[in-house]
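Per-entry structural report
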Amino acid sequence: MTTDLNVTAFSVFAFFFALVTVMGFVAARWRKPETLAHIDEWGLGGRKFGTWITWFLVGGDFYTAYTVIAVPALVYAVGAYGFFALPYTIIVYPFVFLVMPILWRRAKEHGYVTAGDVVHGQYGSRVLELVVALTGVIATMPYIALQLVGMAAVLKALGLHGEVPLMVSFLILALYTYSAGLRAPALIAFVKDIMIYIVVIVAVAAIPMKLGGYANVFAVADADFKAKGVGNLLLGGNQYVAYATLALGSALAAFMYPHTLTGIFASNGANTIRKNAVLLPAYTLLLGLLALLGYMGHAAGIKPSTPNDVVPMLFQTLFPDWFTGFAFAAIAIGALVPAAVMSIGAANLFTRNFWKAYVNPNVSHAGEAQVAKISSLVVKVGALLVIVFLPTQFALDLQLLGGIWILQTLPALIFGLFSNWFRVPGLLAGWFVGFAGGTWLVWLNGLKPLHTLTIDGTPFTIYTGILALAANIIVAVLVNLVVPAKATVRA
């Protein structure tokens with residue numbers, strides 16, 4: 001299991017990992033309610049999180065360990081194209097500012113816990129509720145698995161190989177999430193985000209000094225891209241449409257995921273959400289600085305076996321062991337926070353929109369909380385199995401479908417907040433066309449999320465999620481016009 005263990009780095013890593021583990025168990029007593037045997041308390045923290053807790057929590061599950069690993073890896077591999085994450089995280093916050101307070105108010109007034117609850121309350125359809133809930137769980141599973149990919153990258157760099165260290169880490173996560181619910185990642189997020197900020201600020205200040213300045217960093221990266229014939233410091237060719245649609249599609253998908261909606265529903269008010277929409281762009285600055293690590297990997301002469309190893313190798317090459325251990329701890333903890341929230345969000349969906357809807361409609365509050373706890377454990381085990389038994393590359397490719405799938409829930413969840421015009425048959429037909437059509441296009445393109453269209457002899461590449469969402473909305477409108485209107489049920 002262990003070879004070439006870096007004792008100093010591992011010791012620092014183990015200290016901070018132990019610290020957040022203790023915090024995870026202590027969280028059950030943090031802002032302690034009368035009981036955690038209620039899904040509102042276990043799964044939503046009592047809906048009492050204020051501006052700062054929400055900022056750290058949403059930032060913690062929105063900017064993940066895989067983000068820290070994957071964004072620089074993509075920039076290292078393809079250059080400017082990898083920066084699409086920056087406009088995406090700028091576009092998303094006006095959407096959050098305008099739409100999420102309305103969604104929060106609907107959920108608060110009626111006691112909704114999940115997107116499926118909101119959809120059922122709006123349309124009175126168990127079928128539509130179920131497909132929204134299933135889509136949320138399916139789209140989340142590979143996302144959780146990819147937090148393991150980020151953690152596995154740093155464990156491997158520390159000298160810990162095999163699946164056992166990964167399993168032990170997520171067993172610990174499972175135990176304190178089971179006991180404390182959403183309070184655990186909310187409390188840990190404070191430590192995680194502060195650590196990440198320290199790591200990034202030190203890295204972007206110190207690494208260029210070691211590599212001859214940013215001018216040299218960009219010059220070396222540009223030379224490497226030209227030598228390989230792949231990538232560039234600037235967008236070119238038909239990348240502009242792909243870049244723009246990836247940014248737009250990712251922005252629309254971001255707050256459809258169960259984990260981001262969990263952070264929204266856990267807030268204590270609509271103004272808290274609006275304040276966070278104003279404050280969260282600070283993370284976009286962080287993301288831009290992280291992306292630059294990809295270019296620094298070229299300047300440092302790093303030759304990783306896979307792009308995911310760029311950031312760990314960069315810290316190992318340029319920093320003392322103690323700081324490397326600190327950085328790796330920040331990345332690993334950055335996996336725990338979103339993985340915990342993701343598993344809680346998926347568990348809430350299963351409990352409310354499958355178990356309560358079909359298995360035990362009269363389940364008590366305590367029973368709901370218990371089912372959610374057990375479901376969160378099952379979700380984590382499922383994510384572990386993806387990593388252990390499937391090739392990592394397959395898991396990465398599978399994740400690309402997540403955004404395409406979750407986008408198909410947007411019409412049912414969001415349109416109903418503003419209008420009663422859309423009805424169940426149209427929304428179901430649109431969901432099916434978007435979900436199945438988007439999946440089919442990705443399969444045709446070798447599990448890549450982009451599709452090339454040709455108009456008047458000019459080819460351009462577009463994000464498949466946008467194509468699928470457009471088809472979804474068009475079909476929903478057409479069916480709505482054809483199928484006779486029926487009374488819309490509102491809760």
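Read on for a plain summary of the structure. It should be emphasised that the depicted structure is a prediction, and the values quoted were computed from it without experimental measurement.

Counting buried residues in helix H6 (residues 115–123) gives eight out of nine residues, a clear majority hidden from the surface. Listing the buried residues of H6 in full gives Ala115, Gly116, Asp117, Val118, Val119, Gly121, Gln122 and Tyr123. For H6, the capping residue at the N-terminal end is Thr114, with a side-chain oxygen 3.3 Å from the backbone nitrogen of Gly116.

We now examine the packing of aromatic side chains. Under the defined criterion, the tally for this structure stands at 26 aromatic pairs. Aromatic side chains Phe350 and Trp355 sit 6.4 Å apart centroid to centroid with 45 degrees between the ring planes, which places their arrangement in the tilted category. Judged by its relative accessible area of 32%, Phe350 falls in the partly exposed class. Owing to a relative accessible area of 29%, Trp355 belongs among the partly exposed residues under this scheme. Among the aromatic side chains, those forming a connected cluster through ring pairs are Phe15, Phe16, Phe315, Phe319, Trp322, Phe323 and Phe326. Seen from the ring of Tyr76, Lys228 lies directly overhead, with NZ or CZ sitting 5.6 Å from the centre. Directly above the aromatic system of Tyr178 lies the positively charged group of Lys373, at a separation of 5.4 Å from the ring centroid.

Before going further, it helps to examine the environment of Gln370. Here Gln370 lies in helix H17 (residues 365–389). For Gln370, a relative accessible area of 34% corresponds to the partly exposed category. Residues Gln370 and Thr351, 19 residues apart in the sequence, show an inter-C-alpha distance of 9.2 Å.

For the pair helix H12 (residues 258–265) and helix H16 (residues 321–359), the least separation of the axes is 8 Å and the interaxial angle reads 85 degrees. One element, H12, and the other, H16, form an angle in the roughly perpendicular class. Where H12 approaches H16, its residues Pro258, His259 and Thr262 are matched on the opposing element by Val341, Met342, Gly345, Ala346, Asn348 and Leu349.

Pairing geometry for strand E1 (residues 450–455) and strand E2 (residues 458–463), over six bridges, is antiparallel. Of the residues in E2, the one forming a bridge with Ile455 is Thr458. In sequence, E1 turns back onto E2 through a hairpin of two residues, with Asp456 there showing a positive phi of about 55 degrees.

We now examine the environment of Asp222. Residue position: Asp222 is located in helix H10 (residues 214–228). C-alpha separation for the pair Asp222 and Asn232, spaced 10 residues apart in sequence, amounts to 6.4 Å. In this structure Asp222 touches Asn232 and Leu233, once residues within four positions along its chain are discounted.

Oppositely charged side chains may form a pair once their charged atoms are brought near each other. Within this structure, the stated rule accounts for nine salt bridges. Where Arg47 meets Asp40, a salt bridge forms, and the shortest distance between an N and an O atom there is 3.1 Å. Residue Arg47 shares its accessibility class with Asp40, and that shared class is buried. The salt bridge partner of Lys356 is Glu368, with a shortest N-O separation of 3.7 Å. Residue Lys356 is located in helix H16, and its partner Glu368 is located in helix H17; the two are separated by 12 residues in the primary sequence.

Analysis parameters
- Residues numbered from 1 in each chain as written.
- Predicted model: local features only at pLDDT ≥ 70, side-chain atom pairs only at ≥ 80, totals over all residues.
- Heavy atoms only, no water.
- Buried < 20%, exposed > 50% of the residue type's maximum accessible area, 1.4 Å probe, protein only.
- Helix = DSSP H or I, 4+ residues; strand = E, 2+ residues; numbered from the N terminus.
- Polar contact = N/O pair within 3.5 Å; in protein donor to acceptor, adjacent residues only side chain to side chain.
- Phe/Tyr/Trp six-rings, centres within 6.5 Å; stacked < 30°, edge-to-face > 60°.
- Lys NZ or Arg CZ within 6 Å of the ring centre and 35° of its normal.
- Axes fitted to C-alpha atoms, helices over the stretch in contact; angles between N-to-C directions.
- Parallel < 35°, antiparallel > 145°, perpendicular 65-115°, else oblique.
- Contact = heavy atoms within 4.5 Å.
- Pairing = 2+ DSSP bridges.
- Salt bridge = Lys/Arg side-chain N within 4 Å of Asp/Glu carboxyl O.

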